[in-house]
Amino acid sequence: MRRYLGVLASVAALYAMSWAQAPTPAQTPAPAQTPASAQTPAAQPPASAPEPAEIPAPPGATRRLAAQYPRFELFGGGTYAEAGLFNAGHWAGLYGWDASLGLNAASWLGFIVEGGQYFGTSKIPTGTQAPFPSCSGTPSFCPTTSPTFGVQTKEYNVLFGAQFSRRKYERWTPFGEILYGHQGTRGQASAVGTVFTEIGTGRALVAGGGADFKINPRFALRFKADYFQTATDFALLGKQKQDNFRFSAGIVIRSVHKKKRTLEDENQAEP
């Protein structure tokens, strides 16, 4: 009996010792902390989109601006003509005016309608005085001056044609022109208290050129010189050709072409 009690006591002691050494329930280990250097960075607001770089103007931009041209040009000025309108062998200095309206179809091509008038005194030899009647004719015209007599001269012309311009330079615009149309000449002379008037008409041809000097986009000065050929038909002289020359200077009024602004112009205007 004592042997059984001893065994039982030994078992109880062993059980008590094993219970005392049994570990407490395992705790869930705390998650390992990620090093600060490895932490995910806080979300940053999206960066604003970079502004587009300024687009430089293409090399041809200046040339395109220079290529702009007025649609309409109105010219008016004074004219001096060296003319022999009566085929008398004497040149007359005639003063007058010249005006034209031009429509430009391209930077180099324009179409013109022009009008002008010249006044002065021409000289015709006494004795061979056509287009005026001779002293022995009927009616008789016997001037009292010699070797020439004076004729009050008026000449007008209405012409149409083309103008060719070279719009390459900032200030100067050279051009050439050729015109064709109608002209008339009126001569009036006195002899022995009688006034005689002779009128002739015919064609006219102008070929020449000049240059415009730009004052501002709307105004320019024009200088030009032309060969001015007339073919006047007088009753007593018949139809003959006259070679004349004229020189004109005046003001040009231009229409201003407003160019639409583009992105390229906007970028070019930025400092």
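Residues numbered from 1 in each chain as written. Predicted model: local features only at pLDDT ≥ 70, side-chain atom pairs only at ≥ 80, totals over all residues. Heavy atoms only, no water.

J.: Got a minute to help me understand the overall build of the protein in this structure?
T.: Along its length, the protein carries 3 helices and 8 strands. When the helices and strands of the protein are listed from N to C terminus, the series reads α-α-β-β-β-β-β-β-β-β-α. Sequence-distant contacts in the protein: of pairs separated by 6 or more residues, those separated by 24 or more amount to 62%. (Helix = DSSP H or I, 4+ residues; strand = E, 2+ residues; numbered from the N terminus. Contact = heavy atoms within 4.5 Å.)

J.: I tried to follow the pattern of salt bridges on my own but got confused; where do I start?
T.: Two side chains bearing opposite charge may form a pair once their charged atoms approach each other closely. Applying the stated rule across the entire model yields 10 salt bridges. Where Glu 73 meets Arg 254, a salt bridge forms, and the shortest distance between an N and an O atom there is 3.3 Å. Of this pair, Glu 73 sits in strand 1 (residues 72–83) while Arg 254 sits in strand 8 (residues 238–254), and the two are 181 residues apart along the sequence. Each member of the pair Glu 73 and Arg 254 is classed as buried. (Salt bridge = Lys/Arg side-chain N within 4 Å of Asp/Glu carboxyl O. Buried < 20%, exposed > 50% of the residue type's maximum accessible area, 1.4 Å probe, protein only.)

J.: Got a minute to help me understand the side chain of Arg 254 in this structure?
T.: Judged by its relative accessible area of 7%, Arg 254 falls in the buried class. Side-chain polar atoms of Arg 254 contact the side chain of Glu 73, separated by 3.3 Å. Sequence-distant contacts of Arg 254, defined by excluding residues within four places in its chain, comprise Pro 70, Phe 72, Glu 73, Thr 173, Asp 212, Lys 214, Pro 217, Arg 218 and Ala 220. (Polar contact = N/O pair within 3.5 Å; in protein donor to acceptor, adjacent residues only side chain to side chain.)

J.: What's the story with unusual backbone geometry in this structure? I'm lost.
T.: Each neighbour pair has its own omega, and for Ala 130 with Pro 131 the value is 15°, a cis peptide bond. For Pro 131, the position within the fold is in the loop between strand 3 (109–125) and strand 4 (148–165). With a phi close to 50°, Val 192 is a non-glycine residue in the positive phi region. Of note, Val 192 is situated in the loop between strand 5 (172–191) and strand 6 (194–214). We classify Val 192 as exposed; its relative accessible area is 65%.

J.: Explanation requested: empty space enclosed by the protein in the structure shown.
T.: To find leftover empty space, one rolls a probe the size of a water molecule over the atoms. Counted according to the given criterion, the structure contains 1 cavity of 30 Å³ or more. One number sums up the size of the largest cavity: a volume of about 40 Å³. The residue makeup of the lining of the largest cavity, split by class, is 1 nonpolar, 3 polar and 2 charged. (1 Å grid on protein atoms, 1.4 Å probe; cavity = no way out; pocket = protein on both sides within 12 Å on 5 of 7 lines; lining within 4 Å. Points joined across faces, edges and corners; volume = space filled by probe spheres on them. Nonpolar A, V, L, I, M, F, W, Y, C, P; charged D, E, K, R; others polar.)

J.: Can you help me understand the pairing of strand 5 in this one?
T.: Examined bridge by bridge, strand 4 and strand 5 share 14 bridges and lie antiparallel to one another. If you follow Asn 157 over to strand 5, its bridge partner there is Gln 183. Count of turn residues in the strand 4/strand 5 antiparallel hairpin: 6 residues. Sheet topology note: the strand 5/strand 6 ladder contains 20 bridges and is antiparallel. Bridging across to strand 6, Gly 176 finds its partner in Gly 209. Counting the residues between successive antiparallel strands, the hairpin from strand 5 to strand 6 contains 2 residues, one of them, Val 192, with a positive phi of roughly 50°. (Pairing = 2+ DSSP bridges.)

J.: Explain the environment of Arg 166 to me, please; I cannot follow it from the model alone.
T.: Position of Arg 166 relative to the elements: it lies in the loop between strand 4 and strand 5. Taking C-alpha positions, Arg 166 is 9.4 Å from Ala 211, a pair spaced 45 residues apart along the chain. Ignoring any residue separated from it by four or fewer positions in sequence, one finds Arg 166 in contact with Trp 172, Thr 173 and Pro 174.

J.: In this structure, what is going on with the sheet that holds strand 8? I would like to understand it.
T.: Across a sheet, strands are paired by hydrogen bonds formed along the backbone, either parallel or antiparallel in direction. Spatial ordering of the closed barrel is given by 1-2-3-4-5-6-7-8, a layout of 8 strands whose pairing is antiparallel. With strand direction ignored, the average angle separating the axes of adjacent strands in the sheet is 20°. In terms of strand pairing, strand 7 (residues 219–234) meets strand 8 through 16 bridges, oriented antiparallel. Bridge pairing in strand 8 links Lys 224 to Ser 248. (Axes fitted to C-alpha atoms, helices over the stretch in contact; angles between N-to-C directions.)

J.: What should I look at first to understand the packing of aromatic side chains in this one?
T.: The description of an aromatic ring pair uses the distance of the two centres, along with the angle that the planes make with each other. For the coordinates displayed, the defined rule picks out 10 aromatic pairs. With centroids separated by 4.9 Å and ring planes inclined at 55°, the aromatic side chains of Tyr 80 and Tyr 95 adopt a geometry described as tilted. Here Tyr 80 is found in strand 1, whereas its partner Tyr 95 is found in strand 2 (residues 92–104), with 15 residues between them in sequence. Relative to Phe 213, the ring of Trp 172 lies with its centre 4.9 Å away and its plane at 55°, an arrangement referred to as tilted. With Trp 172 in strand 5 and Phe 213 in strand 6, this residue pair connects regions lying 41 residues apart in the sequence. Since its relative accessible area comes to 27%, Phe 213 is described here as partly exposed. Aromatic rings pair up to connect Phe 132, Phe 141, Phe 149 and Phe 196 into one cluster. When the ring centre of Phe 175 is taken as origin, the NZ or CZ atom of Arg 222, which lies over that ring, is 4.9 Å away. Sitting over the face of the ring of Phe 228, Arg 246 holds its NZ or CZ atom 5.6 Å from the ring centroid. (Phe/Tyr/Trp six-rings, centres within 6.5 Å; stacked < 30°, edge-to-face > 60°. Lys NZ or Arg CZ within 6 Å of the ring centre and 35° of its normal.)

Remember, this is a structural readout, not a statement about activity or role.
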